Amino acid sequence: MSRGVLVLVFLLAACTSAPPFAASPSTDPPTATSPTTTTTTTAAVTTTVTTTTRFTPPPAGNPDGGVPVPPEAAAADTSHPTRVIGDGTPAGCTSQAVVAAVAAGGVITFECGPEPVTITMTVTAQVRNDAVPEVVLDGGGLVTLSGAGQRRILYQNTCDEALGITTSHCQDQDHPRLIIQNLTLADGNAAGAAEGGGAVFVRGGRVKVVNSTFLRNRCGATGPDLGGAGLRVLSQSAGRPVFVVGSTFEGGTCANGGALSSIGVSWVVLNSLLRNNSATGDGANPARPGTPGGGSGGAVYADGNAFTVRIAGSVLEDNKANEGGGAVFFVSNDRSGTLAVESSTLRRNPSAGFETPGYRGIFFLGAAEPVVTGSTIR
């Protein structure tokens, strides 16, 4: 074979060979916003190319949930916002802008560009009691507020004098009314706070969550009287419930209530997904001698006297509790409270300590027994 033919055969082989770093296509969604850098070096030139994979959370809530949503639980109208965060670019959407907008109140939307964006909070955004009565925070499905694993993301407390006392009965007033919608809250941390509320803490007024996602939030790992890695609520105006609609709580960890936690507060959880949350405490409530306490309500922890919890069109799965109620811990101290589970699925929610016989993943002390209709509990 001539030298020219040898060269031609070599070139054809090089062109038809698979590239050395070829990878099979993946159907897994991206899990983080992360730059990928590829460096190619020859004898004379070094070329670096950087690409970015943007993190887009999956749609919030239980896609198979079809329970009707009452008007009171629907998303707020944001077609005429009071204030807009951003100038159309990611650079214009800052922690400082979020903090200022939340303090001022009103209907708040974002203009951060057409792609998903994460705003890392450098301080906690606080709802003021003496601003406008309603605070709507709407991320348009593109915005993530991150506590960076260092701080709580949102705080509302009608009894906090630093936020302006507006009535003589701070525990029961109809404002502020915080509405969180079309937003992701990730990596909040209230580990040093006495009450909990890793992403959001609310005392008084009202709070509602619609079409939102809570990811990897956490609060104190042990203790009998703290909870709510995603959302902790201690009182609501006129005993009205907290609505959680079409939302996801995933990967939360706290002493009690890996997703939701409350004392004396009613809940209505509709068409939502609570998954892979954990109650990490040890010793229950009140704490057994020699223990730090906590460990109940892998997903939901509800305590108090007269209150109700309704879970409908929702999935609670793979949550766990070191003590009672891998899915739901419900204790009505005066035995007047009621728990209803409708058109829902509760599965693989282990309770390492105790649960109510016949209701896997649930510990219940209240009026009669839990009312379960059209649901699977296993």
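Residues numbered from 1 in each chain as written. Predicted model: local features only at pLDDT ≥ 70, side-chain atom pairs only at ≥ 80, totals over all residues. Heavy atoms only, no water.

A. View of the overall build of the chain. Looking only at helices and strands, the chain features two helices and 34 strands. Residues counted as buried form 48% of the 378 residues belonging to the chain. Carbon and sulfur atoms form 55% of the exposed surface of the chain, whose accessible area is close to 16,800 Å². (Helix = DSSP H or I, 4+ residues; strand = E, 2+ residues; numbered from the N terminus. Buried < 20%, exposed > 50% of the residue type's maximum accessible area, 1.4 Å probe, protein only. Areas by Shrake-Rupley, 256 points an atom, 1.4 Å probe, with all protein chains shown as cover.)

B. Seen up close, the sheet that holds strand E23 (residues 273–275). The strand order across the open sheet built from nine strands is E5-E8-E11-E15-E19-E23-E27-E31-E34, with neighbouring strands paired in parallel fashion. In this open sheet, the two strands that pair with only one neighbour each are strand E5 (117–120) and strand E34 (376–377). Pairing of strand E15 (residues 213–215) with strand E19 (residues 248–250) involves three bridges; the strand directions are parallel. Residue pairing in the sheet places Phe214 in a bridge with Phe249 of E19. (Pairing = 2+ DSSP bridges.)

C. Spatial organisation of the state of the cysteines. One pass over the structure, following the stated rule, counts three disulfides. Shown here is the disulfide that connects Cys159 with Cys170, its sulfur atoms set 2.0 Å apart. Where Cys159 bonds to Cys170 through sulfur, the torsion about that S-S bond is close to 95 degrees, and the disulfide is right-handed. Note that Cys159 is positioned in the loop between strand E9 (154–157) and strand E10 (177–181) and Cys170 in the loop between E9 and E10, a separation of 11 residues in sequence. Across a sulfur-sulfur distance of 1.9 Å, Cys219 and Cys254 are joined as a disulfide pair. (Disulfide = S-S within 2.5 Å.)

D. Structural context of the nonpolar core. Within the largest apolar cluster, 56 residues are counted, with the highest numbers of intra-cluster contacts made by Val200, Leu231 and Trp267. The contact partners of Trp267, leaving out residues within four places of it in the chain, are Leu231, Val233, Pro241, Val242, Val244, Leu260, Ser261, Ser262, Thr308, Val309 and Arg310. Residues Val67, Phe243, Val268 and Ala312 belong to the second largest nonpolar core, which totals seven residues. (Core = buried A, V, L, I, M, F, W, Y, C linked by side-chain atoms within 4.5 Å. Contact = heavy atoms within 4.5 Å.)

E. Molecular detail of the packing of aromatic side chains. Using the criterion set out here, one finds seven aromatic pairs in the structure. An angle of 25 degrees between the planes, with centres 5.6 Å apart, marks the rings of Phe329 and Phe363 as stacked. Of this pair, Phe329 sits in strand E29 (residues 328–332) while Phe363 sits in strand E32 (residues 362–365), and the two are 34 residues apart along the sequence. Taking the relative accessible area as the measure of exposure, Phe363 reaches 16% and is therefore buried. Put simply, the rings of Tyr301, Phe329, Phe354 and Phe363 touch in pairs and so form one group of aromatic residues. (Phe/Tyr/Trp six-rings, centres within 6.5 Å; stacked < 30°, edge-to-face > 60°.)

F. How the structure looks around the pattern of salt bridges. Evaluated as defined, the whole model comprises 15 salt bridges. Residue Glu72 pairs with Arg240 through a salt bridge whose shortest N-O separation is 2.4 Å. Here Glu72 is found in the loop between strand E2 (46–53) and strand E3 (83–85), whereas its partner Arg240 is found in the loop between strand E17 (231–233) and strand E18 (242–245), with 168 residues between them in sequence. Relative accessible area serves as the criterion here: at 33%, Glu72 is assigned to the partly exposed category. Taking relative accessible area as the criterion, Arg240 reaches 35% and is therefore assigned partly exposed. For the salt bridge of Arg275 with Glu317, the shortest nitrogen-to-oxygen distance reads 3.4 Å. Placement of the pair is Arg275 in strand E23 and Glu317 in strand E27 (residues 315–317), with a sequence separation of 42 residues. For Arg275, a relative accessible area of 25% gives the class partly exposed. Glu317 gets classed as buried once you look at its relative accessible area, which sits at 7%. (Salt bridge = Lys/Arg side-chain N within 4 Å of Asp/Glu carboxyl O.)

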